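Spelled out, the chains give:
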Amino acid sequence: IILIGSALLLCSSCSYLDFDETNNLYTQEDIYKYFDRTKQMLTNVYSYMPQDFGVIAGAMRDCASDDAVFGATGGLVQSFTNGNWSALNTIDTQWNLYNGIRAANEFLESIEKTDFTRFEHNGDYQNWVKQLKFFPYEARILRAQYFFELARRYGDIAMPKTMLTQEEANTIGKTPFNEVIAFIVSECNDAIAQLPETYAGQPN
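Computed from a predicted structure; not experimentally measured.

Colleague: What is the right way to read the overall build of the protein from this model?
Modeller: Within the protein, the regular secondary structure consists of eight helices and two strands. N-terminal to C-terminal, the α/β element order of the protein is α-α-α-α-α-α-β-α-β-α. Since a compact globule built from 204 residues should have a radius of gyration of about 17 Å, the 25 Å found for the protein marks it as more spread out than a globular shape. C-alpha extents for the protein along the principal axes are approximately 90 × 45 × 40 Å. For the protein, the proportion of its 204 residues judged to be buried stands at 31%. Within the protein, contacts between residues at least 6 apart in sequence are counted, and of these 64% link residues at least 24 apart. Total accessible area on the protein stands at roughly 13800 Å², and carbon and sulfur atoms take up 55% of it. Taking the 15 positively charged and 26 negatively charged side chains of the protein as two groups, their mean positions are separated by 3 Å.

Colleague: Explain helix α3 (residues 35-46) here, please?
Modeller: Note: α-helices contain 3.6 residues per turn, so residues at a spacing of three or four share the same orientation. When the terminal C-alpha atoms of α3 are compared, their 17 Å separation across 12 residues agrees well with the 16 Å that a helix rising 1.5 Å per residue should span. Residues of α3 that are buried include every one of Phe35, Thr38, Leu42 and Val45, and no others. Buried positions in α3, seen along its axis, are confined to an arc of 70° and lie on one side of it. In α3, the exposed residues that point more than 90 degrees away from the buried face are Asp36 and Gln40.

Cut-offs used in this document
- Per chain, the residues get numbers from 1 upward, laid out in the order the sequence is written.
- The predicted nature of this model means local features are confined to residues of pLDDT at least 70 and side-chain atom pairs, given and counted, to a pLDDT of 80 or more, with totals for whole chains, interfaces and linings taken over all residues.
- The basis for every side-chain value is the complete set of heavy atoms in the structure, and neither hydrogens nor water enter the calculation.
- Only DSSP runs of H or I with at least four residues qualify as helices, and only runs of E with at least two residues qualify as strands; both kinds are numbered from the N terminus onward.
- Every radius of gyration here is taken over C-alpha atoms, with the globule rule written as 2.2 Å times N^0.38, N being the number of residues.
- Exposed residues in this analysis have more than 50% of their type's maximum accessible area, buried residues have under 20%, and partly exposed residues fall in between, with area computed by a 1.4 Å probe over protein chains only.
- Working rule for contacts: check all heavy atoms of both residues, and any pair within 4.5 Å makes them a contact.
- Using a 1.4 Å probe, the Shrake-Rupley method yields the accessible areas, and only the shown protein chains count as cover for residues.
- Asp and Glu are treated as the negative residues and Lys and Arg as the positive ones, with His and the ends of the chain left uncounted.
- Every charge is mapped onto a representative atom, which is NZ of Lys, CZ of Arg, CG of Asp or CD of Glu.
- Multiplying 1.5 Å by the residue count of a helix minus one yields the expected span of that helix.
- What the arc describes is the spread of directions from the helix axis to the C-beta atoms.

Below, the structure written as structure tokens:
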């Protein structure tokens, strides 16, 4: 009887529902509760930065001009000079930068609500505070860069500066090129006053 009772107690204490099936996935609230995760979200905004080396089927963008030559005569980049590039046969469109813009908008809205004061007795807290002052301006500069990359390709562009619902995204109009450039310049001027000339000597 004692053995059977002990076995029943052991079985009743086990719960297969205690298994975490999320595999360490975090909610948005979880992410912005901690500095390292918040910084990772900014790093994600950086990840959309256009690269030049090998970006067009192995060739640099310069190979589309007379500044450089791509050795493979059948390379995609040759379409810029052999007449194959057109509105229907586009190359290096960079539409994915709208994902970067959305990531920047999400970060900028979320960073305003972060509060790490509960960690004020942590030895790294003062360094976190210094870095956090830079984060919004870095995100704004990245977003401005992405707007620039799109505007220099297309002129007038859709320019979302906040998180959009699906309905808003489907109805947003174009912003005139001159207004896009004016916004970019304004963002850069704001950031110049806040970001350091060099990150050497800055925390982490």
